[in-house]
Amino acid sequence: MNSTPIDISVVVPLFNEEESLPELAAWIKRVMDANGFSYEIIFVNDGSTDSSWKVIGELAAENRNIHGICFRRNYGKSPALYEGFKAAQGRVVITMDADLQDSPDEIPELYRMITEEGYDLVSGWKQKRYDPLSKTIPTKLFNATARAVSGIKNLHDFNCGLKAYRSDVVKHIEVYGEMHRYVPYLAKNAGFKKIGEKVVHHQARKYGSTKFGLDRFVNGYLDLMTLWFTSKFGVKPMHFFGLWGSVMFLLGFFSAAAVGIMKLWRVYSGSPYILVTDSPYFFLSLTLMLLGSQFFLAGFVGELIARSNPRRNDYEISQTL
């Protein structure tokens, strides 16, 4: 990789996209040359089973600005982005998919928004999509949930592959698992709060077929809940488990006490009564007390784990004097 500073790094994760790579590389080159940008293209081959890696090698031989990273097997888009971010040396990092549905013509404006308007991150919004309803309707629901949970109200399309970042952002976030859908949320949690959006052109897929199924929406929801919980309670799990454990235990305790008091009152007044253990409310109360105790103990265990984390006191410091 080139050690001199460059304007733009374009990171392209891919899986079995051999047909589109030459066209994409040529398109990016045209845009960069027309605008006088110094650049690099980093293709991250996510364990493709076709000839994608061979094509990347041929492209790199023709253009010294093209580099490649090849996984031994398919790990997923998030690990591919993580490795691409590690290798990127540009002032601005652009990510895009390799299927030609993202247009490199958007790069100059994305670059300007980062360098001139001071955004930390700019996410693309495919306002007009060329996808079937089976994909667009779940996407709208997914994005509405992501906005509500993350608090980033101005983004309409969290999952758009076309994004631009200041270099500091990609060097200070960790994209893991399937968290590529929530890079804006990760950036926000890392202290990068100037997040913008740009309407981008969405093109119909030209080659091959989509690599994503409907299961990504289920996994995406679970990942979002995980990210929300870890960002809010990751270093203070007792605040969650202890609170709800206490609420459940006290609710169960007072419910059990009420069952006992009602029996004593009936005995005292001479009214018919049943054994406490014959009341279903007693067992519901007991279950609540047990669950509350388990939640409380889970909070203690979580605190012990959090305190043993060697990075528990790692904080993002932007400036010192």
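One can find the structure itself at the top, above this paragraph.
Residues numbered from 1 in each chain as written. Predicted model: local features only at pLDDT ≥ 70, side-chain atom pairs only at ≥ 80, totals over all residues. Heavy atoms only, no water.

**Some thoughts on the overall build of the protein chain**
Then, in step 1: Assigned secondary structure in the protein chain consists of 10 helices and 7 strands.
Then, in step 2: Accessible area of the protein chain: about 17,600 Å², with a carbon and sulfur share of 59%. (Helix = DSSP H or I, 4+ residues; strand = E, 2+ residues; numbered from the N terminus. Areas by Shrake-Rupley, 256 points an atom, 1.4 Å probe, with all protein chains shown as cover.)

**A short note on the sheet that holds strand β7 (residues 195–199)**
Then, in step 1: Ordered in space as β3-β2-β1-β4-β6-β5-β7, the 7 strands form an open sheet in which the pairing is mixed. At either end of the open sheet lies a strand with only one pairing partner, and these are β3 (66–70) and β7. Strand after strand, the sheet turns through a mean of 20° between neighbouring axes, direction not considered.
Then, in step 2: Relative to strand β6 (residues 163–166), strand β5 (residues 121–125) runs antiparallel, the two sharing 3 bridges. The partner of serine 123 across the bridge, within β6, is lysine 163.
Then, in step 3: Of the strands in this sheet, β1 (6–14), β2 (39–45) and β3 touch helix α1 (residues 21–35), which is tilted by about 160° from β2. (Pairing = 2+ DSSP bridges. Axes fitted to C-alpha atoms, helices over the stretch in contact; angles between N-to-C directions. Contact = heavy atoms within 4.5 Å.)

**Quick word on the nonpolar core**
Then, in step 1: Membership of the largest hydrophobic core comes to 35 residues, with the highest contact counts inside it found for Val10, Phe43, Ile94 and Met96.
Then, in step 2: For this core, the secondary structure elements donating two or more residues are β1, α1, β2, α2 (52–62), β4 (90–95) and α4 (107–115).
Then, in step 3: The leading source of residues in this core is α1, at 7 residues.
Then, in step 4: If near-sequence neighbours (up to four positions away) are discounted, isoleucine 94 is found in contact with Ile8, Ser9, Val10, Val11, Ile107, Leu110, Leu162, Lys163 and Ala164. (Core = buried A, V, L, I, M, F, W, Y, C linked by side-chain atoms within 4.5 Å. Buried < 20%, exposed > 50% of the residue type's maximum accessible area, 1.4 Å probe, protein only.)

**Brief notes about the packing of α1 against α2**
Then, in step 1: Closest axis-to-axis distance for the α1/α2 pair is 10 Å, and the angle between their directions is 35°. Every pair of crossing elements has a handedness; the one defined by α1 and α2 is right-handed. For the pair formed by α1 and α2, the contact residues are Leu21, Pro22 and Ala25 on the first element and Ser52, Val55, Ile56 and Leu59 on the second.
Then, in step 2: Tallied by class, the residues present in the contact of α1 with α2 amount to 6 nonpolar, 1 polar and no charged. (Left-handed = near helix turned anticlockwise from the far one by under 90°. Nonpolar A, V, L, I, M, F, W, Y, C, P; charged D, E, K, R; others polar.)

**Considerations on the pairing of β5**
Then, in step 1: Taken across its 5 residues, β5 has 4 buried, putting it largely inside the fold.
Then, in step 2: Two elements, β5 and β7, share 5 bridges in a ladder whose sense is parallel. Paired with tryptophan 125 across the bridge in β7 is valine 199.

**Some details on the side chain of serine 103**
Then, in step 1: Within the secondary structure, serine 103 sits in the loop between β4 and α4.
Then, in step 2: Given a relative accessible area of 4%, serine 103 falls into the buried group.
Then, in step 3: The contacts of serine 103, once residues within four sequence positions are left out, are Trp27, Met96, Leu162 and His201.

**What about the side chain of glutamate 40?**
Then, in step 1: Looking at the secondary structure, you find glutamate 40 in strand β2.
Then, in step 2: Summary of buried charges: glutamate 40 has no salt-bridge partner, and the nearest side chain of opposite charge, lysine 171, is 7.5 Å away.
Then, in step 3: Only 2.8 Å separates the side chain of glutamate 40 from the backbone nitrogen of glutamine 89, close enough to count as a polar contact. (Lys, Arg positive; Asp, Glu negative; His and termini not counted. Salt bridge = Lys/Arg side-chain N within 4 Å of Asp/Glu carboxyl O. Polar contact = N/O pair within 3.5 Å; in protein donor to acceptor, adjacent residues only side chain to side chain.)

**A word on the packing of aromatic side chains**
Then, in step 1: Counted by the stated rule, this structure contains 7 aromatic pairs.
Then, in step 2: Ring centres of phenylalanine 241 and phenylalanine 295 lie 5.8 Å apart, and the angle between their planes is 55°; this geometry places the pair in the tilted category. One end of the pair, phenylalanine 241, is in helix α9 (residues 238–269); the other, phenylalanine 295, is in helix α10 (residues 280–307), and 54 residues separate them in sequence.
Then, in step 3: Judged by its relative accessible area of 29%, phenylalanine 295 is partly exposed.
Then, in step 4: Taking 5.5 Å as the distance between ring centres and 75° as the angle between the ring planes, the aromatic pair formed by phenylalanine 253 and phenylalanine 254 counts as edge-to-face.
Then, in step 5: Members of the aromatic cluster, joined through ring pairs, are Phe240, Phe241 and Phe295.
Then, in step 6: The side chain of lysine 194 reaches across the aromatic face of tyrosine 119, ending 5.2 Å from its centre. (Phe/Tyr/Trp six-rings, centres within 6.5 Å; stacked < 30°, edge-to-face > 60°. Lys NZ or Arg CZ within 6 Å of the ring centre and 35° of its normal.)

**Looking at α9**
Then, in step 1: Compared with an ideal rise of 1.5 Å per residue, which puts 32 residues at 46 Å, α9 spans 45 Å between its outermost C-alpha atoms and is within 8% of the ideal.
Then, in step 2: Three or more residues of α9 are buried, namely Met238, Gly242, Gly245, Met248, Gly252 and Val259. (Expected span 1.5 Å × (residues − 1).)

**Here's the deal with helix α3 (residues 77–87)**
Then, in step 1: Every buried residue of α3 is accounted for by Lys77, Ser78, Ala80, Leu81, Gly84, Phe85 and Ala87.
Then, in step 2: Buried residues belonging to α3 abut β1, β2, β3, β4, β6 and α6 (167–172).

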